[in-house]
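# Chain and residue survey
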Amino acid sequence: MAKPASEETKPPKAKRKGAIAASARRRRARRVSAPRANPVGAGGAPGLDDVKTIGIGLGAYAGTRLLQRMATVIVAKKRPRWKKHVHALAGVVALGATWFVGRRIKAVAPYHETALIGSGIAAVQGLITAYV
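Structural notes, computed from the coordinates. (Residues numbered from 1 in each chain as written. Predicted model: local features only at pLDDT ≥ 70, side-chain atom pairs only at ≥ 80, totals over all residues. Heavy atoms only, no water.)

## Observations regarding the overall build of the chain
The secondary structure content of the chain amounts to four helices and zero strands. Across the chain, the fraction of contacts at a sequence separation of at least 24, relative to all contacts at a separation of at least 6, is 63%. (Helix = DSSP H or I, 4+ residues; strand = E, 2+ residues; numbered from the N terminus. Contact = heavy atoms within 4.5 Å.)

And the structure:
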C-alpha cells in the first residue's frame with residue numbers, strides 16, 4: 001500500500017476560476033472595506049442606552065436589597081440577635097458576587113460597572129441601616 005504524500009510534497013492548490021470564485025472574492029473585499037455609512041444600532045431610539053443603563057443599575061439594587069431581606073428573614077427565625085449583622089453581610093456578599101461574576105461572564109461584562117454601582121448603593125444602605 002502506498003503512503004500518502006506529505007504536506008511539503010503536495011502541489012499547491014490552484015486558484016479558483018469562474019463566476020462563483022469571483023463573487024466570493026468580491027464578498028471578501030467588501031468585508032474588509034470601509035465601515036458602512038449607516039451602521040447597525042444607529043437607527044435605535046435616542047436615549048435607549050440611558051434607559052438600559054438605569055434599568056440595569058436599578059435591577060442590581062433591587063436584587064441586592066431582595067437578597068438582604070431574604071437573608072434577614074431566614075436568620076431572624078433562628079437567631080434574632082444576628083439579624084442586623086446578616087443584613088449587612090448579605091449586602092457585602094452580593095456586592096462581591098456582582099464584582100466577581102460581572103467581569104467573568106461575557107454577556108454581563110458591558111453592564112458590569114452599572115450593576116456594581118446599583119449593588120454598591122444597596123450594600124452601603126444596608127450597612128448604614130444596620131449599624132447607624
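## Thoughts on the side chain of Ser-119
Tracing the sequence through the fold places Ser-119 in helix α4 (residues 112-131). Excluding its chain neighbours within four sequence positions, the residues that come into contact with Ser-119 are Ala-60, Tyr-61, Thr-64, Ala-94, Leu-95 and Thr-98.

## Thoughts on helix α3 (residues 83-104)
With 22 residues, α3 extends 32 Å between its outermost C-alpha atoms, agreeing within 8% with the 32 Å of an ideal straight helix rising 1.5 Å per residue. Every buried residue of α3 is accounted for by Val-86, His-87, Ala-88, Ala-90, Gly-91, Ala-94 and Gly-102. On its buried face, α3 is in contact with α2 (48-78) and α4. (Expected span 1.5 Å × (residues − 1). Buried < 20%, exposed > 50% of the residue type's maximum accessible area, 1.4 Å probe, protein only.)

## Here's the deal with the packing of aromatic side chains
Summed over the entire model, instances satisfying the criterion amount to zero aromatic pairs. One Lys or Arg, Arg-79, reaches over the ring of Trp-82 and ends 5.1 Å from the middle of that ring. Directly above the ring of Trp-99 sits Arg-103, whose terminal nitrogen or CZ lies 4.2 Å from the centroid. (Phe/Tyr/Trp six-rings, centres within 6.5 Å; stacked < 30°, edge-to-face > 60°. Lys NZ or Arg CZ within 6 Å of the ring centre and 35° of its normal.)

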